[in-house]
Amino acid sequence: MSFTLAIVGRPNVGKSTLFNRLVGKRLALVDDQPGVTRDLREGAARLADLRFTVVDTAGLEDATDDSLQGRMRRLTERAVDMADVCLFLIDGRQGVTATDEVFADILRKRNAHVILGVNKAEGRAGEGGFLEAYALGLGEPVRLSAEHGEGMDDLYRVLQPLADAFAERAKLDEAEAPVVDVDLPEDFEPGEDEATAVPMPTRSKPLQIAVIGRPNAGKSTLINRIIGEDRLLTGPEAGITRDAISVASDWQGTPVRIFDTAGMRKRARVTDKLEKLSVADGLRAVRFAEVVVVLLDVEIPFETQDLRIADFAETEGRAVVIAVNKWDKEDDKQEKLAELKAMFERLLPQLRGAPLVTVSALTGRGLDRLHDAIIRAYQTWNARVGTSKLNQWLQAMVEAHPPPAPGGRRIRLRYMTQVKTRPPGFVIMCSHPDELPDSYKRYLINGLRADFNLPGTPIRLFLRSQGDKNPYRERKFHTPSRLRKHTGKGPVKG
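Basis of the calculations
Residues numbered from 1 in each chain as written. Predicted model: local features only at pLDDT ≥ 70, side-chain atom pairs only at ≥ 80, totals over all residues. Heavy atoms only, no water. Helix = DSSP H or I, 4+ residues; strand = E, 2+ residues; numbered from the N terminus. Buried < 20%, exposed > 50% of the residue type's maximum accessible area, 1.4 Å probe, protein only. Contact = heavy atoms within 4.5 Å. Areas by Shrake-Rupley, 256 points an atom, 1.4 Å probe, with all protein chains shown as cover. 1 Å grid on protein atoms, 1.4 Å probe; cavity = no way out; pocket = protein on both sides within 12 Å on 5 of 7 lines; lining within 4 Å. Points joined across faces, edges and corners; volume = space filled by probe spheres on them. Pairing = 2+ DSSP bridges. Axes fitted to C-alpha atoms, helices over the stretch in contact; angles between N-to-C directions. Nonpolar A, V, L, I, M, F, W, Y, C, P; charged D, E, K, R; others polar. Polar contact = N/O pair within 3.5 Å; in protein donor to acceptor, adjacent residues only side chain to side chain. Phe/Tyr/Trp six-rings, centres within 6.5 Å; stacked < 30°, edge-to-face > 60°. Lys NZ or Arg CZ within 6 Å of the ring centre and 35° of its normal. Core = buried A, V, L, I, M, F, W, Y, C linked by side-chain atoms within 4.5 Å. Parallel < 35°, antiparallel > 145°, perpendicular 65-115°, else oblique. Left-handed = near helix turned anticlockwise from the far one by under 90°.

Draft legend 1. A look at the overall build of the protein chain. The number of helices and strands found in the protein chain is 13 helices and 15 strands. The buried share among the 494 residues of the protein chain stands at 48%. Contacts spanning at least 24 positions in sequence make up 69% of the contacts within the protein chain whose residues lie at least 6 apart. About 26,400 Å² of surface is accessible on the protein chain, with carbon and sulfur atoms providing 49% of the total.

Draft legend 2. Spotlight on the layout of surface pockets. Here the largest pocket is characterised by a volume of approximately 870 Å³. Along the wall of the largest pocket there are 32 residues; nearest its centre are Leu27, Glu42, Gly43, Ser246 and Arg257. Counting residues per element, the ones that place at least two in the lining of the largest pocket are strand S1 (4-9), strand S2 (41-47), strand S3 (50-56), helix H2 (68-82), strand S8 (245-251), strand S9 (254-260) and helix H7 (273-288).

Draft legend 3. Focus on unusual backbone geometry. The omega torsion of the bond from Arg422 to Pro423 falls at 0 degrees, within 30 degrees of zero and hence cis. Relative to the helices and strands, Pro423 is located in the loop between strand S13 (413-420) and strand S14 (425-430). A positive phi angle, near 55 degrees, is found at Lys120, a position not held by glycine. Tracing the backbone through its elements, the reader meets Lys120 in the loop between strand S5 (114-119) and helix H4 (127-132). With a relative accessible area of 23%, Lys120 lands in the partly exposed category. The backbone phi angle of Arg422 is positive, close to 60 degrees, even though this residue is not glycine. Along the chain, the position of Arg422 falls in the loop between S13 and S14. Since its relative accessible area comes to 31%, Arg422 is described here as partly exposed.

Draft legend 4. Focus on the sheet that holds S14. Here 3 strands make up an open sheet; going across it, the order is S13-S14-S15 and the pairing mixed. The open sheet has two free edges, formed respectively by S13 and strand S15 (460-465), since each of these has just one partner strand. Here the average twist between neighbouring strands, direction ignored, is 25 degrees. Sheet analysis places S13 next to S14, joined by 6 bridges and oriented antiparallel. Opposite Leu413, over in S14, you have Cys430 as the bridge partner. Here helix H11 (residues 387-400) sits on the sheet in contact with S13 and S14, set at roughly 140 degrees to S13.

Draft legend 5. Here's a closer look at empty space enclosed by the protein. By the definition in use, this model includes 2 cavities of 30 Å³ or more. Reported here for the largest cavity is a volume of approximately 60 Å³. Within the residue set of the lining of the largest cavity, elements represented by two or more residues are H2 and helix H3 (98-110). The class makeup of the residues in the lining of the largest cavity is 6 nonpolar, 1 polar and 3 charged.

Draft legend 6. Here's a closer look at the environment of Glu435. Position of Glu435 relative to the elements: it lies in the loop between S14 and helix H12 (438-451). Note on Glu435: relative accessible area 29%, which makes it partly exposed. Sequence separation of Glu435 and Ala405 is 30 residues, and the distance between their C-alpha atoms is 8.9 Å. Discounting residues that sit within four places of it in the chain, Glu435 has contacts with Pro406, Arg409 and Ile411. A polar side-chain atom of Glu435 sits 2.4 Å from a polar atom in the side chain of Arg409.

Draft legend 7. Fine view of the packing of aromatic side chains. According to the stated counting rule, one finds 6 aromatic pairs in the structure shown. Between Phe302 and Phe344, the ring centres sit 6.1 Å apart and the planes meet at 20 degrees, which makes this aromatic pair stacked. Residue Phe302 is found in the loop between strand S10 (291-297) and helix H8 (304-315), and its partner Phe344 is found in helix H9 (residues 333-347); the two are separated by 42 residues along the sequence. Residue class for Phe302 comes out buried when judged on its relative accessible area of 7%. For Phe344, a relative accessible area of 6% corresponds to the buried category. Linked through ring pairs, Phe3, Phe52 and Phe166 together constitute an aromatic cluster. Directly above the aromatic system of Phe130 lies the positively charged group of Arg143, at a separation of 5.5 Å from the ring centroid.

Draft legend 8. Representation of the nonpolar core in the model. Grouped together as the largest cluster of nonpolar side chains are 32 residues, with contacts concentrated most on Leu207, Ile209, Leu222, Val293, Val321, Leu370 and Ile374. Within the residue set of this core, elements represented by two or more residues are strand S7 (207-213), helix H6 (219-227), S8, S9, S10, strand S11 (319-325) and helix H10 (367-381). Of the residues forming this core, the biggest block, 8 residues, is contributed by H10. Ignoring anything within four residues of it in the chain, the contact list for Leu370 reads Leu222, Trp251, Val293, Val321, Ala323, Val357 and Val359. Ala310, Phe312, Leu348 and Leu351 belong to the second-largest nonpolar core, a separate cluster that totals 28 residues.

Draft legend 9. Structural detail: the packing of H11 against H12. Packing of H11 against H12 brings their axes to within 11 Å, and their N-to-C directions diverge by 130 degrees. The pairing of H11 with H12 is recorded here as oblique in orientation. Crossing of H11 over H12 shows right-handed handedness. Two secondary-structure elements touch here, H11 through Leu390, Trp393, Leu394, Met397, Val398 and Ala400 and H12 through Tyr440, Tyr443, Leu444, Gly447, Leu448 and Asp451.

What follows is the structure, given as structure tokens:
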């Protein structure tokens, strides 16, 4: 990426629509209701041959206190300070407002490169607002329609010289960087120590982590503590987060990308259209993740909605870690921990053995244990078992507890192999696979967890019929007429 472009402006001027247009995907939530976006969302933008990072920001409000609007404004101002270029959007149909004039003065002082964009300027309805934009003193405005894709060529012509300047500056910085010589041992061979069974996260392919839970469980606060900066909007209000925001970081030496999701309430309580979009966005983040952290509130843990959220992560086949937040508020920690473990085993048997970690997002205690639990869950999720070991194990399991014989026909389990990872999936070749009861499948899955050290991770078990090798089983034969008198099948002539 050659530079970073931050899109700023009042609420409901079309910032998220333009963001989606530049990244080529519907990443940001868009609605007619103002103030939908609250956090900073980054994306890889593409405009002709330009490649850059675009940041969608919350709508600028005229508030400087500690209210929700004030905190949103401070987060947007932080994005302005960090960005190389700011695209200041105004609404062409409303024209220049007093708030636009105030924010134009602020941007002129805080950022050296400010581009003025007049959105919703298609047709005659936006002509007046486009002409008024000259009065802001930010140079010639760019006439845009993010909804219909108009004005993208004009935006390209404005960004092109800036992109060239940033690229030239990056080359100079790279040329001036010091070169460090590293002494390698004589017997060193590339890739010698990297041949591991489990693919470890890298900067190009970081570990994908999704944090999910009910509203006000502390998801955004936890992620801010992990990355070491106030990147996500937090506060005492429930339901602050709306978009599924991804944040890249280096967590204790592990490259990660963490998804912050909106709080998920019971479906019957979700009536607002925007909240439905937020929950759907969070569920989509779970499907992209590799490890899912289900965050619980220690004061009201394992409620019905918590169980549904954890079951959804398991159903999607993701490695699951249970984290209990606000542990600093608990007085009798030992007794509470024993109670939590008992509830976990009783209420979530499908996740038996999954890590249960107590953390405090406010103080940062327990984050090292959470990191280790996530790495262990990821390694288990990628585990692979050899075929010979599996078949020896299967023979021992069958001898210890033979499968039932429905209708007097014995079900024979002949062969077993692992066909996939992420999560581990196994196939058993057997006779009459449709008649093997679910209780025996659970017996085999629990045995796999215990004997091959696969705690907590979802396990997929598939039964396949080996088939009958007799090629004539399904063929129908015609009985010759000369034999019908012996078989009694039909009349015989002559």
